[in-house]
Each structure stands twice: as C-alpha cells, then as structure tokens.
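Given next are the chains, with one letter for each unit.
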Amino acid sequence: MTKISFSINLVILSGLLFVSCKSKLPETTEKNKTGEVAEKAMLVSARREASKIGVDIMKKGGNAFDAMVATEMALAVSYPFAGNLGGGGFMVYRTADGNTGSLDYREKAPLAASKNMYLDENGEVIEGKSTLGAMASGVPGTIAGIFKVHEKFGSLPIQEIVQPVIELAEKGVIVTQKQQERLQKYRDVLLQVNQDMTLYTKAYKKGDTIKNIALAHTLKRIVANGRSEFYAGETGKKMLEFLKQRGGILTEEDLLKYEAKWRDPIRIPYKEYQIISMPPPSSGGIVLGQILKMIEPYPLAGYQPNSAKYIQVLTEAERRAYADRSFYLGDSDFYDVPQDSLLADAYLSDRMSDFSFEQATPSSTITHGTISGYESNETTHYSIVDAMGNAVSVTTTLNGAYGSKLYIPELGFFMNNEMNDFSLKPGVPNMFGLVGAEANAIEPEKRMLSSMTPTIIEKNGKLWMVVGSPGGSTIITSVLQTFLNVAEFDLSMQESVSAKRFHHQWLPDEIMMEPEGFAKETIQELQQKGYKINQKESRIIGKVDAIKVLPNGNLEGGADPRGDDTAIGF
C-alpha cells in the first residue's frame, strides 16, 4: 500500500489556500462597458470550450438543463482545477414559468468516517490529512447530479449532450497562460501526492494541447451505462480500488447509497428583488440573506461604490453573519438548522444594533447571536439562460485546487478533498480560514457545510440575474457585491463582475481587499476607525460568472477577467 506523507511543507500548504495565480488582476473597467450581449440564450463559464459546448447544445434545441449537463462535463475536461467527476456541487434553477428549486449533489462523508478521524493522539489536527491524498475525499456527487437533472428536465438524449465533451477530451484542450501558471504552481504537490508523473504534472506551456483519452473512455462508459457506471460499474470499482491502495476508506456501499437531493431554495426579499439561493448544506443562501437584510436599512445607493461607508456597512454585516455561520449551520439532514430564526427581521436588526460608523466592532466582541429556541477559492461557477427563459445557476467543486491532488490515471480525473470542509475540531480553522462548531462535525453520510452560493434573482417577479462564484469563504461576499453593484449603483453586468472586491468573514478580523483597487484615502479612513486591512497577499476574490436580463429582454453576460472565463450567447 502506498503511504501518503502528511508532513507538508508549510510554504506549499499556504499556497493552497487561495487561487492567487500570478496572473494580473483586472484593471478598473471604463464606465458603461457591457459584456457579451445576446438575444436568445447565454452561457458564462470558466472556459471558452465549456461555454461553447453548452451554447451549441442550446442551439440544437436543447434547454438550459441539457446545457448544464454538457457544461458540467466539459469543465471536467477543460478546467480540471475545479471541474470534475470526482467532486460535487449545487444547482439553483428557475423555469420559464417561474417555478424554482435547487439540487444538492454535494459530497458526503464515507460510512467509515468518524468525528475525530483527522486528530492525533493528543487531539490535534493532523496537518494535510484532510486536504491531501485518499483520506481527504468524500463520496462524489457530480455524476448523480447530472443524471438527476437530466431525468427531470432533460430534452435531448444523454449521448447527444455528452458526445461533444468526449470529442473535446480526445481532441484536446489548448493550455492558456493562466492554466500554465496554475499547473506550475501546484506541480510539486501534485508530484508529491501522486508519487509519479501524471497527465497534469508535465511541464506544459501556453499553446500546448492536453488530450485526456482516459477521461474520454470514462465518459463513453457513463453514456453507455448511465449513472450506475460510476456508482456500481467498472468506473466506480476502479476508483475504489485506486483509493483503497492509497489508504482511502470509500466503499461500494458508500457509492450505492449516494443520492443527489432536490431541496427548497432559500428566498430572500430585498427591496423590489427576490433572491433565490442555495439552502443547507450550503451556508450561501442563509448568510447572503442575513447580510442583505442587515444592510437593507442603509442608503447604499447614496454611498460611492467601495467608499469607506459602503465598506463599513458590508463588513459589519458580514462579520456578524459569518459568526452565525460558524455556530448554527450544517447539514440539515443531520441537524435542525434554525433557518427561519436566522433570517428573522427582528433578529437581524438586533444584530446590527451595536454598529457605529465611528469605529470598527472587533470580532473578538462578536459571537453568534442568540435565537429563540435554541467550505474554495478552488471552485467553479457557470450561469445559463436558454431561449425559453429557463435559468440555471451552478457551482461545482473539488474543494481545493485539483481537490485532494490525487489523480486517477486510468479514469482521467482528480478526487475531491471535501472532508476538509467539515469542522475537524471545533474552533480550528479549515483551509479557507473558516471556523466551525458541532453543527458541522464529521458524521457518516453527512454532507459537509459549503459556502457555494449559486443564485437567481428576480426583479418585480421576473427573471433578472443569474449569478455565482468560486472563492471558498469569499463566494458569498463576491455574489453579494456583484448583485449590489448592479442593483444599487446601476453598473452593467460586466462592470459589476470586473469591479474590485473586498471580504470579511469574522475570523480572522481583517478586511481582505484586492490590490490596487481601493483609494489610499479610503484605506486610511478605515484604519483610523480600527479596521485591519489585508492587501499584502496578491489574491483575487471570487471569479464571478453572471447573466443579466436587460430591459429589452436581451441577455448580458458578465465573464470574470480574473480567469479565462467566457460568455457566449446567440
């Protein structure tokens, strides 16, 4: 049996915390710059190849849900950094007739998992065990997710939807500059975990072609045999054997028992808008709703975008919402999440009652609220609107960059390291700095808490925006600011997506800001009021892909220039 070393160099581990590729951050966009505009349909994703495949499916008569299946699989080929077969995700949808829903295909803890499985004999977290190698993986949900979507909403045969993806894997994907930088950045740790050269440890340069023939064969078997190929067939058996040889604990029973679940989305009223977002085991919808309700009384439109007052209001609401997240949120199948209480107007008004514009409220003085009766940066998001008016918002992930870094050469995909999103030990931060409590403790078959926030927004009862982002703990605040940029400051979809962002998550007690995007005077004013500002690490905050329905009915796509993200419509 191959043993994975858990003593990881801290320099390497710190590099895994955020997708901070050395690529240049976007410059401030000129006013009134719009993104791709289309008359009938639009798709925005992390790679042009995936966007094109999804749009081509809609051009052939497929709907947004067919395009979702195609895009999800195309990202596994073109964006293995986060696109996946070995991970999971969430989908929020709104059909053309206004019906809404959400699908949870989040990974689950294996049956052999236990609360203290990542702790040593002294009760301390074993460094690297929940992030690298076979022990880091939860039961994958992506394949169950796409078949669940196709079964309920699909209009084209699965063969027709996935065939272009198979051809892409065989033909190959052209390496972009940003992809070259990502692969270089993680090459050492990929070599360390896999203990061998694999398809993604070669020294690729911009313009090279990566052909994933093994993944093409895997997809052909899945198309031929359906969902059961992954959970009971040759693919599943090979995956389990590979993990077992490397010390993993996933079993056939884990795969057989896995189910994707339809759930009722979170609905949050904000002025003339209805925000429709993901419920637990995502924290996204509840935390986003808490922040919006806490800031709604303030005249945001009268503040300048990214001004000191604007940043203060959002920061103070964010720190209180994230404090609640750490204590109250977990998998609602295992734990009674007090959703209604956390979103109650009176409760949230009280949460902001001690906020003053005069000075910061230290996080050390903020804990979770008292209610009545009582985790990537390395993720990817895509947004779709089809010609019929169906809308789909999907965030999918392996958790960390290339997940657990464990690549299965015979199958052509990486495994997730989603187990790190559990609270490994109450009070100890995970790889994104998020602190958890008992509500998110490890239990067999439990889904780990997530920050993924796929969101659809209605304005005056009509479809208005589809939005979401990767970014670990920064996902929620990226979605929040993108929405507010359009709703409060009348920016175009592309301007809103491109604008510089900031983030606060209760602990650590600092405002993280993208570099070179905020006035020195603003930073000085905030510092004088007691706010700690972190601009030292050249990190990006989120990579938002969004679509806005324009007043004339056309669709504007906003593709984040922080990545290779691309909007394509027709």
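Computed from a predicted model, the values in this text were never measured in an experiment.

Engineer: Explanation requested: the overall build of the protein chain in the structure shown.
Structural biologist: In terms of helices and strands, the protein chain carries 17 helices and 21 strands. Relative to a compact globule of 570 residues, whose C-alpha radius of gyration would be 25 Å, the protein chain shows 22 Å and is just as compact. With respect to the principal axes defined by its C-alpha atoms, the protein chain has extents near 60 × 60 × 45 Å. Counting every position in the protein chain, which comprises 570 residues, the buried fraction comes to 65%. Side chains of the protein chain give 61 positive and 69 negative charges; the mean places of these two sets differ by 4 Å.

Engineer: Is there a simple way to explain the environment of Ala82 in this structure?
Structural biologist: Mapping Ala82 onto the fold places it in the loop between helix 3 (64-78) and strand 3 (88-94). Taking the C-alpha atoms as reference points, Ala82 and Ala46, 36 residues apart in sequence, are found 9.5 Å from one another. Residues within four places of Ala82 in sequence aside, it is in contact with Glu378, Thr379, Thr380, Thr396, Thr397 and Leu398.

Engineer: Please clarify how the side chain of His150 should be interpreted in this entry.
Structural biologist: Mapped onto the secondary structure, His150 falls in helix 4 (residues 142-153). In this structure the side chain of His150 is engaged in a polar contact, spanning 2.7 Å, whose partner is the backbone oxygen of Leu156.

Engineer: Before we go on, may I ask you to explain the pattern of salt bridges in this structure?
Structural biologist: Pairing is possible between side chains of opposite charge, provided their charged atoms come close. In total, this model carries 33 salt bridges according to the counting rule given. When the shortest N-O distance is used, the salt bridge between Arg106 and Glu418 registers 2.9 Å. Across this residue pair, the class does not change: Arg106 and Glu418 are buried. In this structure, Glu438 and Lys115 form a salt bridge, with 3.1 Å as the shortest nitrogen-oxygen distance.

Engineer: Would you mind going over the packing of aromatic side chains with me for this structure?
Structural biologist: Evaluated as defined, the whole model comprises 28 aromatic pairs. When the centroid spacing of 5.7 Å and the interplanar angle of 55 degrees are considered together, the rings of Tyr79 and Phe81 count as tilted. For Tyr79, a relative accessible area of 3% corresponds to the buried category. Ring centres of Tyr231 and Tyr258 lie 6.0 Å apart, and the angle between their planes is 10 degrees; on these two criteria the pair is classed as stacked. Taken together, the residues Tyr231 in helix 8 (residues 228-231) and Tyr258 in the loop between helix 10 (252-257) and strand 7 (261-263) connect sequence positions 27 residues apart. Here Tyr231 falls in the buried class, since its relative accessible area comes to 3%. Just above the ring of Trp262 sits the side chain of Lys152; from NZ or CZ to the centre is 4.4 Å. The positively charged end of Arg182 is found above the aromatic ring belonging to Phe81, 5.1 Å away from the centroid.

Engineer: What's the story with the UniProt feature "active site" (unreviewed entry) in the protein chain in this structure? I'm lost.
Structural biologist: In the numbering used here, UniProt assigns the "active site" (unreviewed entry) feature to Thr379. Mapped onto the elements, Thr379 comes out in strand 10 (residues 379-385). Take Thr379: its relative accessible area is 0%, and that puts it in the buried class. Each residue touching Thr379, except ones within four places of it in the same chain, is listed here: Tyr79, Ala82, Thr395, Thr396, Thr397, Asn399, Met452, Pro470 and Gly471. Side-chain polar atoms of Thr379 contact the side chain of Thr397, separated by 3.0 Å.

Engineer: What exactly am I supposed to notice about the UniProt feature "binding site: L-glutamate" (unreviewed entry) in the protein chain here?
Structural biologist: Per the UniProt record, the feature "binding site: L-glutamate" (unreviewed entry) sits at Arg106, Thr397, Leu398, Asn399, Asp421, Ser450, Ser451 and Gly472. Mapped onto the secondary structure, Arg106 falls in the loop between strand 4 (100-105) and helix 4. Judged by relative accessible area, which is 0%, Arg106 ranks as buried. In this structure the side chain of Arg106 is engaged in a polar contact, spanning 3.0 Å, whose partner is the backbone oxygen of Met448. On the secondary structure map, Thr397 appears in strand 11 (residues 391-397).

Engineer: I'm lost on the sheet that holds strand 19 (residues 545-549) in this one. Help?
Structural biologist: Two modes of strand pairing occur in sheets, parallel and antiparallel, and in both the strands are linked by backbone hydrogen bonds. Pairing in this open sheet of 7 strands is antiparallel, and the strands run 1-20-19-15-14-9-8 from one edge to the other. Looking at strand neighbours, the two that pair on one side only are strand 1 (36-38) and strand 8 (266-270), the edges of this open sheet. Taken over all neighbouring pairs, the strand axes of this sheet differ in orientation by 20 degrees on average, direction set aside. The sheet contact formed by strand 19 and strand 20 (residues 555-559) spans 5 bridges and is antiparallel. Among the inter-strand pairings, Ala546 is bridged to a residue of strand 20, identified as Gly558. Docked against the sheet, helix 11 (residues 284-295) engages strand 8, strand 9 (273-277) and strand 14 (455-459), running at close to 15 degrees with respect to strand 8. Packing of helix 15 (residues 475-487) onto the sheet brings it into contact with strand 8, strand 9, strand 14, strand 15 (462-467) and strand 19, and relative to strand 15 it is tilted by some 135 degrees.

Cut-off values and rules
- Residues numbered from 1 in each chain as written.
- Predicted model: local features only at pLDDT ≥ 70, side-chain atom pairs only at ≥ 80, totals over all residues.
- Heavy atoms only, no water.
- Helix = DSSP H or I, 4+ residues; strand = E, 2+ residues; numbered from the N terminus.
- Rg over C-alpha atoms; globule rule 2.2 N^0.38 Å.
- Buried < 20%, exposed > 50% of the residue type's maximum accessible area, 1.4 Å probe, protein only.
- Lys, Arg positive; Asp, Glu negative; His and termini not counted.
- Charge placed at Lys NZ, Arg CZ, Asp CG, Glu CD.
- Contact = heavy atoms within 4.5 Å.
- Polar contact = N/O pair within 3.5 Å; in protein donor to acceptor, adjacent residues only side chain to side chain.
- Salt bridge = Lys/Arg side-chain N within 4 Å of Asp/Glu carboxyl O.
- Phe/Tyr/Trp six-rings, centres within 6.5 Å; stacked < 30°, edge-to-face > 60°.
- Lys NZ or Arg CZ within 6 Å of the ring centre and 35° of its normal.
- UniProt positions renumbered as here; feature names shortened; annotations may be inferred.
- Pairing = 2+ DSSP bridges.
- Axes fitted to C-alpha atoms, helices over the stretch in contact; angles between N-to-C directions.

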